[in-house]
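# Working through the structure, step by step
Each chain, written out:
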Amino acid sequence: MHSSISTSRTRTRRTARAAAAALAGALAFSLSACGGDDSSGNEGSGGTDEAATTVTLPKLDGETLEVAAVWTGPEQANFKKVLEEFEKRTGAKVTFVPAQDPIINFLGSKIAGGAPPDIAMLPQVGAIQQAVDKGWAKPIGPEAQEQLGKNYSQGWQDLGKVDGKQYGVYYKAANKSLIWYNTQVFENAGAEEPKTWEDLLSTAQTIYDSGVTPFSVGGADGWTLTDWFENVYLSQAGPEKYDQLAKHEIKWTDPSVTEALTTLAQIWGKQDYIAGGASGALQTEFPASVTQTFTGGDQPKAGMVFEGDFVQVNIAETDAEVGTDAKVFAFPKVGDTEPVVSGGDAAVILQDSKAAQALATFLASPDAATIQAKLGGYLSPNKNVDPSAYPNAVQQEMAKSLVAAGDDFRFDMSDQAPQAFGGTPGKGEWKALQDFLKNPKDIKGTQEQLEADAAAAYGN
Amino acid sequence: MTGTRRTVAALFLLPALVLLGALVVYPIGYSVVRSFYDQSGDGFAGFDNYQALFTDDGIRTALKNNIIWVVFAPTVATALGLIFAVLTERVRWGTAFKLVVFMPMAISMLAAGIIFRLVYDQDPDKGVANAVWVGVHDTFAEASAFPKAHPGRESPLTVDQGGFITKEPVRLGEPVNLPLVGVAPDQMPDDAAKAVAARPDPGKVTGTTWQDFTRGEGVGTLGAPDPSELGYPGMKIEAVKDGKVVASTTAADDGTFSLPAAADGAQLRLPADNFKEPYNGLDWLGPSLVTPAIIGSYIWMWAGFAMVLIAAGLAGVPRELLEAARVDGANEWQVFRRVTVPLLAPVLAVVTVTLMINVLKIFDLVFIIAPGSSQDDANVLALELYRKGFSEDQPGIASAIAVFLLLLVIPVMWFNIRRLRREVRR
């Protein structure tokens, strides 16, 4: 999925998203018309705690920067705190530019208007590639490179590389191999955290026997479904096949896909296992799929919900407390190994300058990540961020396991695919898996649909 | 005309011409040009984009839905507006009523979309449409007490005709256990009492049916009532021999039941109507109903607009014509049908045509109300234009859709302008 983290939060409020979309045209017009030349007074007042200094930044008094990202709500507010710290240290003035999904098209219109932001946070690997192909992205300099080498595992560095050159700095990561559960439901049912797919099925049955529907699926948002598939596929078919399928080197009609869909149908195929049945799930947006799992006391609509660490942002909207009322376990292994599917947002420089390079350097340092880690709802791929910076035990655990995974993770498959296949509502993989959720018996038809759409989107 | 006058005229026209040119003519012209170029905008693509317009499945659905919209939304809104206008004329509180019907016009399409997204929510506890529908349905068909109840592990029961039946025949004097699981504790009937094992009775078939699930411990003792487990009061039990029901009974509060000697050697069945799922209402935003549902929300907004215009037209209808018809012995329906409507025809046509233009460009309601999973089924041209242009990065095809929409609107606009001219001439 694309969206992953990015859209998941864009989607935290449908209203916001709709409003943003409705304004998209108007914004693109007006923003590109008035390029970001607002001269700056520099008031570096930050509400942030004293952060340790591990990186030296140049003095940039009078410089101005624009940073574009799709983040909204608390996520945007938290990121702005990080930018404030940068302003305080350098004297530069940084403006946050709210963007819409897909950000690559948003940037396209800004660049056509002649006023691109200096730095954009790109949520997809494919988007970095596109930005480089179109000549928008500028390589990062030696200072940022040095921070990357010090703080990031090879795998995270490589994700930001195109043709051997470093363009992206992964500032934010998402662990998308998690299943969140309502502890009350598990307690009432006498269920335990499963380790394998078989355990997961028997846990689901136990919860069903106790009178609660086991799973909540946010099927109205196609990306939650692609994430389900990716976890099963990565664990069952293994990383090699996963990489091949991500590049469309093997077809979607491959037997390994048949097997993964068959496995998936063991849950999706049981109307009683999914809150609201398939048709109900297809009208449940991701935020509602989380909140309905953690509201309703002893009788929530469902006992478990699958998605990444960003689920906690939505749990925060309920009365449930992460760590006590809401707990999490790793996606159980279907094959030999537990899957670790991740996503992330990378900072990419679009207008090269000393200030832009300095900000990229800062974002690659543990200083920046620590500030946002303390504020919660955030996970950094930076291995030199002290786990104790995260506000609760669940987040500390997720951060540790992400760093411990080293290079043993795979980036979200649909985020690697072309937008038309992996990231458009009502199209491609999103739509095919939604149809599969509606009719889980039609594995062959689903595969043919996926292959036809993939062939059109990849152009092979 | 002298030269100076010409210059002055040009000078006065200039601001309007510049604005029109920059904001209307140039974008239209550029869209037409862009529609003949490929995705990147570098290569000439001829009519490829227009060909895609009529071969792409998504665009074809959009086209089909647009036709449905144009046919139904304006006519229904106008018809409702006409009825409201004629009726409010005769009610004392007509103005207040008009105000209420007109009020949705004060809301933006976006807000209306969000409201109706909630109205059509599948969950009857949230969506008012389904709450009403389920309320009506449940008045006529009552829900059962034990939805979702099902046999647990190693159960003596098996599925039969939507209910459950014992695998083995039962014998006199041997108590039968009919354990099930899966009824949520707060959905258990209030009179459910602690389940007890049935006493053997040599002249009868006795047994217990209960929820074999202990909170926090799972099943507990499998197939036998644990201390805190509850019986299923009112559960219907049938004794079946060779496919025929020979005896039937219902369970007591503690889940115990007894059947007469005739049940000896029969299989016990818990028939399907014990387990009927609660009715969950209509799938308003599912693939089949989504377009009518969204048209419904559009009518909610625009019937008021039609009503106000028609009411204004109605005020201009000469009263004496209506009076004359009544004096001639026409009844109210005939007056409405033969006098009022023909006199209002020009107004009705203007309202319908205006709404048609409005409907051709419908976007916001569809974009907001349709959930991602049925956006494809609810698709309309303007939405497809947006999707092609802004999320699929296909500006060529998007421009072609824009040009096509323009072509669709032109005849309707031409009709409107011609009518306007005729009005002026009169």
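Just so we're clear, the structure is a prediction, and the values are computed from it rather than from any experiment.

### Focus on the overall build of chain A
Along chain A, the regular secondary structure elements total 21 helices and 12 strands. Taking all 460 residues of chain A together, the buried fraction comes to 59%. Put simply, of all contacts in chain A between residues at least 6 apart along the chain, 78% involve residues at least 24 apart.

### Observations regarding the overall build of chain B
Within chain B, the regular secondary structure consists of 13 helices and 8 strands. By the compact-globule yardstick of 22 Å for 426 residues, chain B is too spread out, its C-alpha radius of gyration being 34 Å. Summarising its shape, the C-alpha atoms of chain B cover approximately 120 × 75 × 40 Å along the three principal directions. Burial status across chain B gives 36% buried among its 426 residues. In chain B, the share of contacts with a sequence separation of at least 24, taken over all contacts with a separation of at least 6, comes to 70%.

### Comments concerning the domain arrangement of chain B
Taken domain by domain, chain B consists of domain 1 (56-131 + 284-393) and domain 2 (157-274). Computed from C-alpha coordinates alone, the two centres of domain 1 of chain B and domain 2 of chain B are separated by 55 Å.

### A closer look at the sheet that holds strand β2 (residues 163-166) of chain B
Residue and element names in this part refer to chain B. Overall, antiparallel pairing links the 5 strands, which are arranged β1-β2-β8-β5-β6 in an open sheet. Whereas interior strands pair on both sides, the edge strands pair on one side only; in this sheet they are β1 (157-160) and β6 (244-250). Averaged over all neighbouring strand pairs, the angle between strand axes comes to 30 degrees, with direction disregarded. Sheet topology places strand β5 (residues 236-241) next to strand β8 (residues 267-270); 3 bridges connect them, and they run antiparallel. Directly across from Ala 239, in β8, lies its bridge partner Leu 268.

### Remarks on the interface of chain A and chain B
Between chain A and chain B, the contact holds 38 residues from the first and 33 residues from the second. Residue assignment for the side of chain A that touches chain B shows that the elements contributing at least two residues are α2 (14-33), α8 (183-189), α9 (197-209), α12 (277-281), α19 (419-422) and α20 (428-438) of chain A. For the side of chain A that touches chain B, the leading source of residues is α2 of chain A, giving 6 residues. Considering only residue class, the side of chain A that touches chain B consists of 13 nonpolar, 18 polar and 7 charged.

### Quick word on the nonpolar core
Counting residues in each nonpolar core, the largest one holds 140 residues, and the members touching the most others are Ile 119, Val 169, Val 348, Leu 359 and Ala 360 of chain A. Top contributing element to this core by residue count: helix α10 (residues 222-246) of chain A, with 11 residues. The residues that make up this core include at least three from each of domain 1 (4-21 + 55-175 + 342-411) and domain 2 (178-339 + 424-458) of chain A. With sequence-adjacent residues up to four places away left out, Ala 360 of chain A is seen in contact with Ile 119, Ile 140, Ala 144, Val 169, Ala 347 and Ile 349 of chain A. Judged by nonpolar contacts, the second largest core, of 57 residues, contains Ile 59, Ala 293, Ala 306 and Val 380 of chain B.

### Concerning helix α12 (residues 381-391) of chain B
All names here are of chain B. The buried count for α12 comes to 10 of 11 residues, which makes it a mostly enclosed element. What α12 keeps buried is the set Leu 381, Ala 382, Leu 383, Glu 384, Leu 385, Arg 387, Lys 388, Gly 389, Phe 390 and Ser 391. A positive phi of about 60 degrees marks Asp 393, the residue just after α12.

### Describing unusual backbone geometry
Residues and elements named next belong to chain B. Backbone geometry at Lys 148 places phi at a positive 70 degrees, although glycine is not the residue there. By the element assignment, Lys 148 lies in the loop between α6 (128-140) and β1. For Lys 148, a count of 19 C-beta atoms within 10 Å translates into the label partly exposed. Notably, Gln 161 is not glycine yet its phi reads approximately 50 degrees, a positive angle. By secondary structure assignment, the location of Gln 161 is in the loop between β1 and β2.

### Re the UniProt feature "transmembrane region" (unreviewed entry) in chain B
All names here are of chain B. The feature "transmembrane region" (unreviewed entry), as annotated in UniProt, sits at residues 67-87, 99-120, 298-318, 339-360 and 397-417 in this numbering. This span, residues 298-318, is 86% helix and 0% strand, and a straight line between its end C-alpha atoms measures 32 Å. Its end C-alpha atoms 30 Å apart, residues 397-417 is made of 100% helix and 0% strand.

### Some thoughts on the environment of Met 103 of chain B
Mapped onto the fold, Met 103 of chain B is located in the loop between α4 (94-102) and α5 (109-119). Taking the C-alpha atoms as reference points, Met 103 of chain B and Met 301 of chain B, 198 residues apart in sequence, are found 8.1 Å from one another.

### Details of the pairing of strand β6 (residues 168-175) of chain A
Note on strand geometry: in a regular strand, side chains alternate between the two faces of the sheet. Residues and elements named next belong to chain A. In terms of residue burial, β6 counts as a mostly covered element, since 8 of its 8 residues are buried. With 7 bridges connecting them, β6 and strand β11 (residues 341-349) associate as antiparallel partners. Within β11, the position partnered with Ala 174 by the bridge is Gly 343.

### Notes on the confidence of the model for chain A
When pLDDT is averaged along chain A, the result is 85; 89% of the residues meet or exceed 70. Segment residues 1-49 of chain A is flagged for pLDDT under 50; beyond a separation of four residues in sequence, or across chains, it makes 112 contacts in the model.

### A look at the environment of Ala 398 of chain B
Residue and element names in this part refer to chain B. Looking at the element boundaries, Ala 398 is found in helix α13 (residues 395-425). Once the C-alpha coordinates of Ala 398 and Ala 382 are considered, the two residues, 16 residues apart in sequence, prove to be 9.2 Å apart. Not counting chain neighbours up to four residues away, the residues in contact with Ala 398 comprise Leu 385, Lys 388 and Gly 389.

### Some remarks on the packing of helix α7 (residues 290-315) of chain B against helix α9 (residues 332-360) of chain B
For any two helices packed against each other, the geometry is given by the interaxial angle and the distance between the axes. All names here are of chain B. Where α7 contacts α9, the two axes come as close as 9 Å, and the packing angle between them is 155 degrees. As summarised for this structure, α7 and α9 are arranged roughly antiparallel, according to the angle between their axes. For the crossing formed where α7 meets α9, the hand is right-handed. Between α7, through Trp 302, Ala 306, Leu 309, Ile 310, Gly 313 and Leu 314, and α9, the contact on the second element is made entirely by Leu 344, Val 347, Leu 348, Val 351 and Leu 355. The class makeup of the residues in the contact of α7 with α9 is 10 nonpolar, 1 polar and no charged.

### Section: the pairing of β11 of chain A
Residues and elements named next belong to chain A. Counted residue by residue, β11 has 9 buried out of 9 residues, so it is predominantly covered. Neither face of β11 is open: one carries Val 341, Gly 343, Asp 345, Ala 347 and Ile 349, the other Ser 342, Gly 344, Ala 346 and Val 348, and all of them are buried. Where strand β3 (residues 119-122) and β11 come together, 4 bridges link them in antiparallel fashion. Residue Met 121 lies in a different strand from β11, and its bridge partner there is Ala 347. As paired elements, β11 and strand β12 (residues 410-411) share 2 bridges and run parallel to each other. Residue pairing across strands places Val 341 opposite Arg 410, the latter belonging to β12.

### A look at the sheet that holds strand β3 (residues 176-180) of chain B
Residues and elements named next belong to chain B. Taken in spatial order, the 3 strands line up as β3-β4-β7 in an open sheet, and their pairing is mixed. The strands lining the two open edges of the sheet, one partner per strand, are β3 and β7 (256-259). Mean inter-strand twist for the sheet, computed between neighbouring axes without regard to direction, equals 25 degrees. Where β3 meets strand β4 (residues 205-211), 5 bridges bridge the pair, whose relative direction is parallel. Across the sheet, residue Leu 178 finds its bridge partner in β4, namely Thr 209.

### Side note on the confidence of the model for chain B
Residues and elements named next belong to chain B. Per-residue pLDDT for chain B averages 88, and the proportion of residues at 70 or more is 98%. Mean pLDDT across the secondary structure elements of chain B bottoms out at β1, with 85, and peaks at helix α10 (residues 364-369), with 94. Interface scoring of the predicted complex returns ipTM 0.76; its pTM is 0.79.

### Let's talk about the domain arrangement of chain A
Each assigned domain of chain A is listed with its residue range as follows: domain 1 (4-21 + 55-175 + 342-411) and domain 2 (178-339 + 424-458). Each of domain 1 of chain A and domain 2 of chain A has a C-alpha centre, and these two points are 28 Å apart.

Criteria and thresholds
Residues numbered from 1 in each chain as written. Chains lettered and ligands numbered in written order. Predicted model: local features only at pLDDT ≥ 70, side-chain atom pairs only at ≥ 80, totals over all residues. Helix = DSSP H or I, 4+ residues; strand = E, 2+ residues; numbered from the N terminus. Buried ≥ 20, exposed ≤ 12 C-beta atoms within 10 Å, placed from the backbone. Contact = placed C-beta atoms within 7 Å. Rg over C-alpha atoms; globule rule 2.2 N^0.38 Å. Domains from an automatic or database assignment. Pairing = 2+ DSSP bridges. Axes fitted to C-alpha atoms, helices over the stretch in contact; angles between N-to-C directions. Nonpolar A, V, L, I, M, F, W, Y, C, P; charged D, E, K, R; others polar. Core = buried A, V, L, I, M, F, W, Y, C linked by C-beta atoms within 7 Å. UniProt positions renumbered as here; feature names shortened; annotations may be inferred. pLDDT = per-residue confidence, 0-100. Parallel < 35°, antiparallel > 145°, perpendicular 65-115°, else oblique. Left-handed = near helix turned anticlockwise from the far one by under 90°.

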